[in-house]
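Fold and geometry: a report
Letter by letter, the chains look like this.
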Amino acid sequence: MASSIKSSPRETRTLQIVLITGMSGAGRTIVLRRFEDMGFYCVDNLPPALLPQLAEVCQREKAVTKVACVADLRGGPFFAGLADNLRKLDEAGLRACILFLDANDEALVRRFKETRRRHPLFNRRRGILESIKAERDMLKEVRAMADKVIDTSALLPKDLRSEVAASFGDKHVEGPTITLRSFGFKYGLPLDVDIVFDVRHLVNPHWEPGLRELDGRSPEVAAFMDRDPATLEYLEKLYDLVKFSIPRHIAEGRAYLTVGVGCTGGQHRSVLVAERIGAFLEKEGYRAVVQHRDVSK
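Read on for a plain summary of the structure. (Residues numbered from 1 in each chain as written. Predicted model: local features only at pLDDT ≥ 70, side-chain atom pairs only at ≥ 80, totals over all residues. Heavy atoms only, no water.)

A closer look at the packing of helix H2 (residues 28-37) against helix H9 (residues 157-168)
Running from N to C, H2 and H9 point in directions that differ by 45°, and their axes come no closer than 9 Å. Judged on the interaxial angle alone, H9 and H2 are oblique. The interaxial crossing formed by H2 with H9 has right-handed handedness. In contact with Ile30, Val31, Arg34 and Phe35 of H2, H9 contributes Pro157, Leu160, Arg161, Val164, Ala165 and Phe168. (Axes fitted to C-alpha atoms, helices over the stretch in contact; angles between N-to-C directions. Helix = DSSP H or I, 4+ residues; strand = E, 2+ residues; numbered from the N terminus. Parallel < 35°, antiparallel > 145°, perpendicular 65-115°, else oblique. Left-handed = near helix turned anticlockwise from the far one by under 90°. Contact = heavy atoms within 4.5 Å.)

Spelled out as structure tokens, the structure:
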């Protein structure tokens, strides 16, 4: 039982527990393997009722300081108690960091068709899309409890592994991880962003001869945009805003923050602004990860 766990504040700090959950097909296997590579003791398909006992065993084993486990719908009737057992863990003085993996319906349908694996709810729903929608509804409560949500819809496996390493690797204890994600509004808003900056009002390199095929990381695009005074003025205002607001997000207990920067296609303006904000945050001493969702589309 959770009440049998004996923990002191010191023990709580030294045992890092990450609970991986989320949508079927969103990349849990890739993520769990990355945690294993980072030295975590890993458990797949853990019945939620055993989460307090797992924490207790790991606390007794001094060599184990980092634990990652997956709990999802494969657990069948056992999965229903996940939220309650997470609360019991909190009451016992041990807190699991909840990592929720998400993806849009289109990406999930494509992945299930490519792998020919059945969705855990398929036998009851008799359709992939119907199963995905039912699962999304069942996971609403757990998603709302998540400390970090990763939208894997447009992430390659290597990008997903990189984000996990940046957020949960050894360096993450030095401060919060801030992810800057550029995107194109024409492809939809990312699922996992906490803050969104719309930069479609800036001068657009798309219409400049010779720049259309480049992206916001190229010196030519940067030089073109910097010639417009509005670009630098807007960036200075963004720097002031993030410098003011991010410490307040952290004070509210946010260990991870995802900032979306969007333009029309996600190739020029949003890429440049995301890169500039990331560089600014690094200078301010934050751990910043810059990703470009739509730059190759």
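As for the sheet that holds strand S4 (residues 96-102)
Spatially, five strands are ordered S2-S3-S1-S4-S5 in an open sheet, and the strand pairing comes out parallel. This sheet does not close on itself; its edge strands, each paired only once, are strand S2 (41-43) and strand S5 (148-151). In this sheet, neighbouring strand axes are inclined to one another by 20° on average, regardless of whether the strands run parallel or antiparallel. Of the pairings in the sheet, the one linking strand S1 (residues 16-22) to S4 comprises six bridges and is parallel in character. Of the residues in S4, the one forming a bridge with Thr21 is Phe100. In the packing of helix H3 (residues 51-60) onto the sheet, the strands contacted are S1, S2 and strand S3 (66-70), and the crossing angle to S3 comes to about 160°. Here helix H4 (residues 82-91) sits on the sheet and contacts S1 and S4; the angle it forms with S1, its principal contact strand, is near 165°. (Pairing = 2+ DSSP bridges.)

Some details on the sheet that holds strand S6 (residues 177-184)
Taken in spatial order, the four strands make up an open sheet running S7-S8-S6-S9, and their pairing is parallel. Only two strands of the sheet have a single neighbouring strand rather than two, namely strand S7 (195-198) and strand S9 (287-292). Each strand axis lies, on average, 20° off the axis of its neighbour in the sheet, ignoring direction. Most of the contacts of helix H11 (residues 229-251) go to S7, to which it runs at about 175°, and overall it touches S6, S7 and strand S8 (256-263). Sitting on the sheet, helix H12 (residues 269-283) is in contact with S6, S7, S8 and S9, with an inclination near 170° to S9.

Section: the pairing of S8
Among the eight residues of S8, eight are classified as buried, and the element is accordingly described as predominantly covered. Of the two faces of S8, both are covered, the one formed by Tyr256, Thr258, Gly260 and Gly262 as well as the one formed by Leu257, Val259, Val261 and Cys263. Of the strand pairs in this sheet, S6 and S8 are connected by eight bridges, and their pairing is parallel. When the bridges of S8 are listed, Thr177 appears paired with Tyr256. Pairing geometry for S7 and S8, over four bridges, is parallel. If you follow Ile195 over to S8, its bridge partner there is Val259. (Buried < 20%, exposed > 50% of the residue type's maximum accessible area, 1.4 Å probe, protein only.)

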